[in-house]
Structure formats: C-alpha cells, structure tokens
Amino acid sequence: MKIRAIPFVQHGITMYNAVMSATQITSNYKVDVWHPSNPDGYQRAISFPRAKKFGQFASTEISPPAILVNIRNEDKDNVSYVSGQLEIPDDVPIWLVDGQHRAAGLAELVESAAEKYGNLQFPVVIMMGEQIYDEAKQFVIVNNSQKRVRTDLGERFLQKQAKIEGTEKMLQKGIRNIEWIPTAIDVVDSLNTTSGGVWHNLIRLPNEPKG
C-alpha cells in the first residue's frame, strides 16, 4: 500500500501526516483491545451502534479530524518513504490508537458500497516505531484532553508501566494523575476479587457487559 505523506519531527521522533482512502484505512488495521486473555491491551471493545452512526455521518458529511495510528517498532524497518509516499507492506499491521469507531464505521460503509465510498479520503497521523506503552499514553492524552471518553483501559496499562518505570519517572514524562491511578486500580481489583467481600465479583471491569 502506497499513501501520500509528509514527514515531521517532534522531540526527535519522526511521524507522518498522511492521506488515506476509506478502503486503505479499513484494509489492514488492528485495535489492541483489553481482555483477560490480552491484559496488555488498552482499548475498549467497539460499540457497533457508535461505529454505525459515524459511518452514516461520513456518508454525507466531512470529517476533518485525523485518525491516529502507529507502525510498531518491530515493523518500522519494513516501511519505506520515497518521493512523498509511504509504502507499507500488506503484512505490516496498522495499529489504531485513536479512531477505532471511525474506522469500523468506514468499514461498514465501504462494505455497503465500495464504489461510492471506498475512495473517500481522510487525514491520518502515523507514528513510526512507537511501543504499545506510547500508544496507550497517547490514547489517554487524546481522550482526556479533547473529549470525554472512558480511559480506564489505558490507565490500567499505565498502572503496569508505573510499576516498571516508577511513578517519579512517569511524572517527569507528564503523565497526569499517575500518583494515585495505580493504587486506585489495585484497590478496585482487590475489592472485586476478595472472596467474602461485599463487592466480590460485583464490579464491572472494562469490556464486560452491563448487568
């Protein structure tokens, strides 16, 4: 897959402002959804009504905000940039950091009428070579600062990272509320798992159904 892109650098990290069609966005993306079998995930399970609503919106209205994605470190050397174009091999996954509902809505739209909607163009910011920790951090930053979306999965990932790196180091990186988030999650998990406690198995964890 070849896409038009312009490189830019922040704090020594190269990223790309790119343009992708709806077909390109939906052809090879992945979302790191948290699940007991994938405890390192940081995203919530998709809400299909919300995704469908975006697809309906995008069928008639413009959507200027950029989707944020990442080519992870293990794959970045397989991506090349020549003459204003990024070439991403088909076997290199594009990890969605922010925009999974937009991508899912576009997938449904393309499936319904590829000839009509497949070439719709959307702005995409591509991070290059970032780790899953950096994805989770950006997910929390975007959703805490720009729109109110639950970020409990990203915070669970930051909790693990705080135990590895230390709270002080993460504070220096500008991670807000990291002083109390790991403790709060530990308390919630303890309440939920302690046999005989009044909250035992009664706390709804991320991606668990209501009720």
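Residues numbered from 1 in each chain as written. Predicted model: local features only at pLDDT ≥ 70, side-chain atom pairs only at ≥ 80, totals over all residues. Heavy atoms only, no water.

Now for the overall build of the chain. When helices and strands are tallied, the chain shows eight helices and eight strands. Radius of gyration (C-alpha) of the chain: 19 Å, near the 17 Å computed for a compact globule of 211 residues. Taken along its principal axes, the extent of the C-alpha atoms in the chain is 60 × 40 × 30 Å. For the chain, with 211 residues in total, the buried portion stands at 41%. Within the chain, contacts between residues at least 6 apart in sequence are counted, and of these 68% link residues at least 24 apart. If you sum the accessible surface of the chain, you get close to 12,000 Å²; carbon and sulfur atoms cover 53% of it. (Helix = DSSP H or I, 4+ residues; strand = E, 2+ residues; numbered from the N terminus. Rg over C-alpha atoms; globule rule 2.2 N^0.38 Å. Buried < 20%, exposed > 50% of the residue type's maximum accessible area, 1.4 Å probe, protein only. Contact = heavy atoms within 4.5 Å. Areas by Shrake-Rupley, 256 points an atom, 1.4 Å probe, with all protein chains shown as cover.)

Okay, the pattern of salt bridges next. As enumerated under the stated definition, the model contains seven salt bridges in all. The salt bridge partner of Lys160 is Asp40, with a shortest N-O separation of 3.4 Å. One end of the pair, Lys160, is in helix H6 (residues 152–165); the other, Asp40, is in the loop between strand E3 (29–30) and helix H2 (48–58), with 120 residues separating them in the sequence. The exposure class of Lys160 is partly exposed, given its relative accessible area of 30%. Between Arg72 and Glu135 there is a salt bridge, and its shortest N-O distance comes to 2.8 Å. (Salt bridge = Lys/Arg side-chain N within 4 Å of Asp/Glu carboxyl O.)

Here the focus is the packing of aromatic side chains. All told, the structure shown has three aromatic pairs when counted by the stated rule. For the ring pair Tyr16 and Tyr81, a centre distance of 5.1 Å and an interplane angle of 50° mean the geometry is tilted. Of this pair, Tyr16 sits in strand E2 (residues 13–21) while Tyr81 sits in strand E5 (residues 80–82); the two residues are 65 residues apart in sequence, bridging distant segments of the chain. Classification of Tyr16 by relative accessible area gives buried; the value is 10%. Above the ring of Trp95, the side-chain terminus of Arg72 is found at 3.6 Å from the ring centroid. Taking the ring centre of Trp34 as reference, the NZ or CZ of Arg156 above it sits at 5.9 Å. (Phe/Tyr/Trp six-rings, centres within 6.5 Å; stacked < 30°, edge-to-face > 60°. Lys NZ or Arg CZ within 6 Å of the ring centre and 35° of its normal.)

Most of strand E7 (residues 94–98) sits inside the fold, with five of its five residues counted as buried. Direction of pairing for E3 relative to E7: parallel, over a ladder of two bridges. Paired with Tyr29 across the strands is Ile94, a residue of E7. As paired elements, strand E4 (residues 67–71) and E7 share three bridges and run antiparallel to each other. In the strand pairing of E7, Asn70 is matched with Trp95. (Pairing = 2+ DSSP bridges.)

Taken by themselves, the reported measurements are silent on function.
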